[in-house]
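# Structure at a glance
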Amino acid sequence: LGAALRGAALRLGGARWAAAAGASAPEVSGAGCTFPGDLRSTSGLGFGDGIESHTAKWLSEGASPMEMIAAVPPIAVKGGVAECYGGGHASLGHPVEYVKTLGATIHDPAVCKYCGLRYYDADHH
């Protein structure tokens, strides 16, 4: 019987085999394959809470990411180069980015391309 089932699986293939075996088959959507009722691929969007996009979800929780990073004042750096990990610890942020601060001022700081943190040369006169 085992060989017969394996042969049937090869003939029926993928989702048709799962349906034939009585298992619930995944549904194909724009987000890929998901099982019915599985919210992992949608982050729970569009399920009666009025939030239809990830941007709307971010904005519903208060300040936007751009507003949050703008609230952080520029960081003074000595030595001409800032080593940015996205704040905090290296394992929690982004890949290391070396930001040149030579000539950057508090009014015109250099910006990390990953997280938007701003740096300026503390020795700039």
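So, a few notes on the structure that sits alongside this text. Computed from a prediction, not measured in an experiment: that's the story for all the values here.

### Some words on the overall build of the protein
The helix and strand inventory of the protein stands at four helices and seven strands. The linear arrangement of helices and strands in the protein, starting from the amino end, is α-α-β-β-α-α-β-β-β-β-β. Taken across its 125 residues, the protein has 18% of its residues classed as buried. When contacts within the protein are restricted to residue pairs at least 6 apart in sequence, long-range pairs at least 24 apart make up 28% of them. A total accessible area of about 8900 Å² is found for the protein, and carbon and sulfur atoms account for 60% of it.

### Comments concerning a nonpolar patch on the surface
Residues V81, V96 and Y98 make up a contiguous nonpolar surface patch of roughly 270 Å² in combined accessible area. Topologically, V96 is positioned in the loop between β4 (81–84) and β5 (97–100).

### Description of the side chain of H94
Following the sequence through the fold, H94 ends up in the loop between β4 and β5. Within polar-contact distance, the side chain of H94 engages the backbone nitrogen of G86 at 3.0 Å.

### Here we look at the environment of P65
Mapping P65 onto the fold places it in helix α4 (residues 65–70). Residue P65 is classed as partly exposed on the basis of its relative accessible area of 40%. Sequence separation between P65 and T55 is ten residues; the distance between their C-alpha atoms is 10.0 Å.

### Let's talk about the pairing of strand β7 (residues 118–121)
Bridge analysis of strand β3 (residues 75–77) against β7 gives three bridges, and the strand direction is parallel. Residue I75 lies in a different strand from β7, and its bridge partner there is Y119. Summarising the sheet, strand β6 (residues 110–111) and β7 pair through two bridges and their orientation is antiparallel. In the sheet register, A110 faces β7, and the bridge partner there is Y119. Between the end of β6 and the start of β7, which pair antiparallel, lie six residues, with G116 showing a positive phi angle near 90°.

### Here's the deal with the nonpolar core
With ten residues, the main nonpolar core is built from V77, A82, C84, V99, A104, A110, C112, L117, Y119 and Y120. Residues contacting Y120, with those up to four places away along its chain left out, are P74, I75, A76, V77, T101, A104, T105 and I106.

Rules used in this analysis
Residues numbered from 1 in each chain as written. Predicted model: local features only at pLDDT ≥ 70, side-chain atom pairs only at ≥ 80, totals over all residues. Heavy atoms only, no water. Helix = DSSP H or I, 4+ residues; strand = E, 2+ residues; numbered from the N terminus. Buried < 20%, exposed > 50% of the residue type's maximum accessible area, 1.4 Å probe, protein only. Contact = heavy atoms within 4.5 Å. Areas by Shrake-Rupley, 256 points an atom, 1.4 Å probe, with all protein chains shown as cover. Patch = residues over 30% accessible without salt bridge, like charges linked within 9 Å, V, L, I, M, F, W, Y side chains within 5 Å. Salt bridge = Lys/Arg side-chain N within 4 Å of Asp/Glu carboxyl O. Polar contact = N/O pair within 3.5 Å; in protein donor to acceptor, adjacent residues only side chain to side chain. Pairing = 2+ DSSP bridges. Core = buried A, V, L, I, M, F, W, Y, C linked by side-chain atoms within 4.5 Å.

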